[in-house]
Amino acid sequence: MAGKIREVKDAFGKVHQFAEGLEGVIATTTEICFIDGQAGKLMYRGIPIEQLAEHSTYEETSFFLLYGHLPTSRELGDFIRRLKSHRAVANEVFDIVRNLPKSAAPMSMLRTAISSLGHFDQDAEDDSLEKHYQRAEHLIAAFPTVAAGIQRIRKGLEPIAPDPELGHAANFLYMLNGERPTDYAARVMDVALILHAEHGFNASTFTARVIISTLSDMYSAVTGAIGSLKGPLHGGANERVMRMLMEIGSADRAEDIILQKLRNKDKIMGFGHRVYRALDPRAKILMQFSQKLAEQVGDTRWYDISKKIQEVMEREVGHKGIYPNVDFFSASLYYYLGIEVEMYTPIFAVSRVAGWTAHVVEQLKHNRIFRPRSVYLGPAHMDYVPLDQRTES
Ligand code: SDX
């Protein structure tokens, strides 16, 4: 796919062509995910996302992403038992969180807390593949506990211990809200976690692969990925979508406000994608759940505003291949699930840690350090000027 190919002359007069932002550039091979951006298709290791959303669970999908095959019932049972046994987090990690400024954003706290987990891994320097798989499982298990604990501490409350009776998604909602979710709410969260678990060489996953390509460690790779996901052009978009919906307030105000934003050349959060030139298949599924939840809670306002924005955007910029992405309908869906807006991006990380760690292991299996080049546009030549001969500009 021809991206934004730029042609520039470097400082020595040589002409170079390159794709800004590595658009369309292939960095290596993978067996984990395939995206057909033109057709709006997504598959994890060959299985269409629609089938996983309908039939799988986040636990099963995480195993599938990490180990490359659908687990047998024994394998799945053992995997779930291992995840449950590693949900608890060392108190020292929450002590670190308690000592952070309460005003710190949850994603910044998550970055610090997950980074600290590495210090409590006795075998942190053991770089065997077996240990990397174990670390991946520990991180998948612990992310919900850390993320939920951060939100509780930010609100001056104590973290809630994981409930071994509950599945991964239900337990996350329980630790976040302090009460067991309904079966339906747990299933909606489970599907949302499946949909956010993996997406090829997105910025945060690529970040993780670049870091591990130097043979650094998994904690560093995942911490870097959190930092990348935090950005509003990536995972941080979902929080901004909800704040935009709140700013608009009602469907009848949506058109004028969106048109004004487009005239201002503002990026509408939750729309557009580097790869998709059609509706993100994940957005389609999230939209259906948002509508169902809206009807269940009897407040369709946020869903209605979202649909109006989608209508205006498809009329105005659909021809440019700009459609809702995964962050658009997840915003109203999380709102209907009673989740605070500042937790939307941490939820993305709670899910994507499965994809990040699967890619870290895959990178290690056939590694070559990532080291791209750049076109030099600086001075072709300069001599050193002694300090006493430099003039104030
Ligand atoms: C995720 O990569 C992944 O797979 C990510 C992800 C995953 O699962 O990991 O799918 C998750 O990050 C989804 C994206 C979430 N981000 C947003 O919703 C933020 C808003 N979106 C845009 O910033 C943008 O669409 C990006 C960052 C997602 C993609 O940017 P590109 O590919 O660099 O596109 P671009 O900025 O070069 O825009 C191309 C054109 C421009 O118009 P022209 O200058 O050519 O006239 O499209 C326009 C842009 O102005 N455009 C938008 C727009 N996105 C692109 N115009 C209005 N609103 C938007 N959202």
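Residues numbered from 1 in each chain as written. Predicted model: local features only at pLDDT ≥ 70, side-chain atom pairs only at ≥ 80, totals over all residues. Heavy atoms only, no water.

K.L.:
Please provide a residue-by-residue account of the pattern of salt bridges, values included.
P.N.:
Here the structure, examined in full by the defined rule, presents 21 salt bridges. For the salt bridge of Arg180 with Asp163, the shortest nitrogen-to-oxygen distance reads 2.6 Å. Of this pair, Arg180 sits in the loop between helix 7 (168-177) and helix 8 (183-196) while Asp163 sits in the loop between helix 6 (129-154) and helix 7, and the two are 17 residues apart along the sequence. Residue classification places Asp163 among the buried positions, given a relative accessible area of 11%. Residue Glu255 pairs with Arg315 through a salt bridge whose shortest N-O separation is 2.5 Å. With Glu255 in helix 12 (residues 251-263) and Arg315 in helix 14 (residues 301-317), the pair connects residues that are 60 residues apart, well separated along the chain. Exposure remark for Glu255: the relative accessible area of 23% places this residue in the partly exposed category. A residue is classified by how much of its surface remains accessible, and Arg315, at 43% relative accessible area, is partly exposed. Members of the salt-bridge network, linked through shared partners, are Glu255, Lys308, Glu311, Arg315 and Glu316. (Salt bridge = Lys/Arg side-chain N within 4 Å of Asp/Glu carboxyl O. Helix = DSSP H or I, 4+ residues; strand = E, 2+ residues; numbered from the N terminus. Buried < 20%, exposed > 50% of the residue type's maximum accessible area, 1.4 Å probe, protein only.)

K.L.:
Tell me about the nonpolar core, residues and numbers included.
P.N.:
Counting residues in each nonpolar core, the largest one holds 117 residues, and the members touching the most others are Leu110, Phe143, Met189, Ile309 and Ile339. Here this core takes twelve residues from helix 6, the largest share from any one element. Residue-level mapping places this core at the junction of two domains, with at least three residues from each of domain 1 (51-236 + 356-365) and domain 2 (239-336). Once residues within four sequence positions are removed from consideration, Phe143 is found in contact with Leu110, Ile114, Val222, Ile226, Ala349, Val350, Val353 and Trp356. (Core = buried A, V, L, I, M, F, W, Y, C linked by side-chain atoms within 4.5 Å. Domains from an automatic or database assignment. Contact = heavy atoms within 4.5 Å.)

K.L.:
Any details on the sheet that holds strand 4 (residues 41-44)? Residues and values, ideally.
P.N.:
Strand order in the open sheet formed by three strands is 3-4-5, and the pairing between neighbours is antiparallel. Of all the strands in the sheet, the pair left with one neighbour each is strand 3 (33-36) and strand 5 (47-48). In the sheet, strand 3 pairs with strand 4 via four bridges, with the strands oriented antiparallel. Among the inter-strand pairings, Ile35 is bridged to a residue of strand 4, identified as Leu42. (Pairing = 2+ DSSP bridges.)

K.L.:
Got a sec to walk through the packing of aromatic side chains? Specific residues and values, please.
P.N.:
Throughout the structure, instances matching the rule amount to 14 aromatic pairs. Ring centres 6.5 Å apart and planes at 40° place the aromatic pair Tyr303 and Phe329 in the tilted group. You can see Tyr303 sitting in helix 14 and its partner Phe329 sitting in helix 15 (residues 326-336), a full 26 residues away along the chain. Looking at Tyr303, the relative accessible area reads 9%, which means it is buried. A residue is classified by how much of its surface remains accessible, and Phe329, at 0% relative accessible area, is buried. One aromatic cluster is present, built from ring pairs that chain together Phe63, Tyr67, Phe79 and Tyr133. Its guanidinium or amino end placed over the ring of Phe289, Lys292 lies 5.2 Å from that ring's centre, counting from NZ or CZ. (Phe/Tyr/Trp six-rings, centres within 6.5 Å; stacked < 30°, edge-to-face > 60°. Lys NZ or Arg CZ within 6 Å of the ring centre and 35° of its normal.)

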